[in-house]
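Residue-level listing of the chains:
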Amino acid sequence: MPDTYDHITLMCRLKAAQRRNKELESGERYIQLEELHQKEYNVYEHKIEKLKKELADAHKETIRVRNYWFQVLEDMLREFEKAQKRSAQELRKMEIRALNAKSKEMMHWIKQPFSDISFMKRHPDWKKNRERI
C-alpha cells in the first residue's frame, strides 16, 4: 500500500511538472506571469502617484499654515507695539502730571509764610540759634 500511494503522488507531481514545462515552452505561463507582474506594477505605480500627490498636498498645506501663523504673529507684534507706545505715552503724561504737582506743592511751601524755607530766609542766623528754636 505505501508503494501505491507514493506512485500516485509521484505521478501527480510528474503531470504537474509536465504541464508547467509545456506552459513555459509554449509561452503561456510566461505571458500569464508577465500580465500578473504588469497588474501588480500598475497597482504599486498608482499607490506611488497617490502618495506623491498626498505629499505635495501636505507640503502645500504646511506652507499655507506657516504663512498664516506668521501673519497672525506679525499682527500680534503690531498690537503689542501699539500697546507699548500707548503705555509709554501714558507714562510720560503721568510723569509730567507728577512733576507739575510736585512743582505746585513746592511753590505752595515756598509761598507759605511759616514754612521752614521762609523761616530760614527770615532768620539767616538760625544755625547759631538752633538750640533756642
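Residues numbered from 1 in each chain as written. Predicted model: local features only at pLDDT ≥ 70, side-chain atom pairs only at ≥ 80, totals over all residues. Heavy atoms only, no water.

### Here's the deal with the overall build of the protein
Along its length, the protein carries three helices and zero strands. Along the protein, helices and strands appear, N-terminal first, in the series α-α-α. Within the protein, buried positions represent 2% of all 133 residues. Working note: accessible area of the protein is about 13300 Å², and carbon and sulfur atoms make up 60% of it. (Helix = DSSP H or I, 4+ residues; strand = E, 2+ residues; numbered from the N terminus. Buried < 20%, exposed > 50% of the residue type's maximum accessible area, 1.4 Å probe, protein only. Areas by Shrake-Rupley, 256 points an atom, 1.4 Å probe, with all protein chains shown as cover.)

### Topic: the pattern of salt bridges
Evaluation of the coordinates by the stated rule reveals three salt bridges. In this structure, the salt-bridge partner of Arg64 is Glu61, at a minimum N-O distance of 2.7 Å. Of the two residues, Arg64 and Glu61 are both situated in helix α2 (residues 28–111); the distance of three residues between them amounts to about one turn of the helix. Across the pair Arg78 and Asp75 runs a salt bridge whose closest N-O atoms are separated by 2.8 Å. On the criterion of helical spacing, the pair formed by Arg78 and Asp75 is a turn pair, its members being three residues apart in helix α2. Take Arg78: its relative accessible area is 46%, and that puts it in the partly exposed class. (Salt bridge = Lys/Arg side-chain N within 4 Å of Asp/Glu carboxyl O.)

### Things to note about the packing of aromatic side chains
Under the definition given, this model contains one aromatic pair. Between Tyr68 and Trp69, the aromatic rings sit 6.0 Å apart at their centres with planes inclined by 75 degrees, giving edge-to-face as the arrangement. (Phe/Tyr/Trp six-rings, centres within 6.5 Å; stacked < 30°, edge-to-face > 60°.)

### With respect to a nonpolar patch on the surface
A contiguous nonpolar surface patch, about 640 Å² in accessible area, is contributed by Val65, Tyr68, Trp69, Phe70, Leu73 and Met76. The residue Trp69 is located in helix α2 in this model. (Patch = residues over 30% accessible without salt bridge, like charges linked within 9 Å, V, L, I, M, F, W, Y side chains within 5 Å.)

### Regarding the confidence of the model for the protein
Scored by pLDDT, the protein comes out at a mean of 83, with 76% of its residues at no less than 70. Mean pLDDT across the elements of the protein ranges from a minimum in helix α3 (residues 116–122), with 58, to a maximum in α2, with 90. (pLDDT = per-residue confidence, 0-100.)

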